[in-house]
Amino acid sequence: MSNNQKNRTTVEIYGQQYVIVGSESPSQIRHVASLVDNKMREISYKNPTLDATKLAVLTAVNAVNDFLQMKDELNRLQKEQQKEKD
């Protein structure tokens with residue numbers, strides 16, 4: 001798919017509809033939205049008094065934390081692989 005081609009995909013996250021525009025496939029956009037929705041529901045279940053804004057911020061903090069942990073693990077594995085080559 002061309003980087004210039006944009007897809008518009010309507011998704012539902014935590015009971016709200018959003019139109020996401022991006023170069024990713026509609027199935028990828030729906031998959032990401034589903035993961036966000038699931039994480040929001042998981043956090044909401046554990047913290048039922050959170051308003052939607054705080055819930056969204058905590059979801060973002062969790063997602064970025066997961067990303068950074070995976071990035072650190074990737075860097076560690078790349079260094080380990082480089083050591084094996086040397």
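The preceding data block contains the structure.
Note that the coordinates shown come from a computational prediction; the quantities given were computed from them, not determined experimentally. (Residues numbered from 1 in each chain as written. Predicted model: local features only at pLDDT ≥ 70, side-chain atom pairs only at ≥ 80, totals over all residues. Heavy atoms only, no water.)

## A word on the nonpolar core
For step 1, the next point in the chain: Listed in full, the 7 residues of the largest apolar core are Val 11, Ile 13, Ile 29, Ala 33, Met 40, Ile 43 and Leu 55.
For step 2, the next point in the chain: Put simply, the parts of the chain that give this core at least two residues each are strand S1 (7-13) and helix H1 (26-46).
For step 3, the next point in the chain: With 4 residues, H1 is the largest single contributor of residues to this core.
For step 4, the next point in the chain: The residues contacting Val 11, other than those within four sequence positions of it, are Gln 16, Gln 17, Tyr 18, Ile 20, Ile 29, Arg 30 and Ala 33. (Core = buried A, V, L, I, M, F, W, Y, C linked by side-chain atoms within 4.5 Å. Buried < 20%, exposed > 50% of the residue type's maximum accessible area, 1.4 Å probe, protein only. Helix = DSSP H or I, 4+ residues; strand = E, 2+ residues; numbered from the N terminus. Contact = heavy atoms within 4.5 Å.)

## Some points on the side chain of Ser 44
For step 1, the next point in the chain: For Ser 44, the location among the structural elements is in helix H1.
For step 2, the next point in the chain: Look at Ser 44 and you get buried, because its relative accessible area is 14%.
For step 3, the next point in the chain: For Ser 44, the side chain forms a polar contact with the side chain of Tyr 14, separated by 2.8 Å. (Polar contact = N/O pair within 3.5 Å; in protein donor to acceptor, adjacent residues only side chain to side chain.)

## Notes on the environment of Glu 24
For step 1, the next point in the chain: Structurally, Glu 24 is set in the loop between strand S2 (16-22) and H1.
For step 2, the next point in the chain: On a C-alpha basis, the gap between Glu 24 and Asn 7 in space is 7.0 Å, while along the polypeptide they are 17 residues apart.

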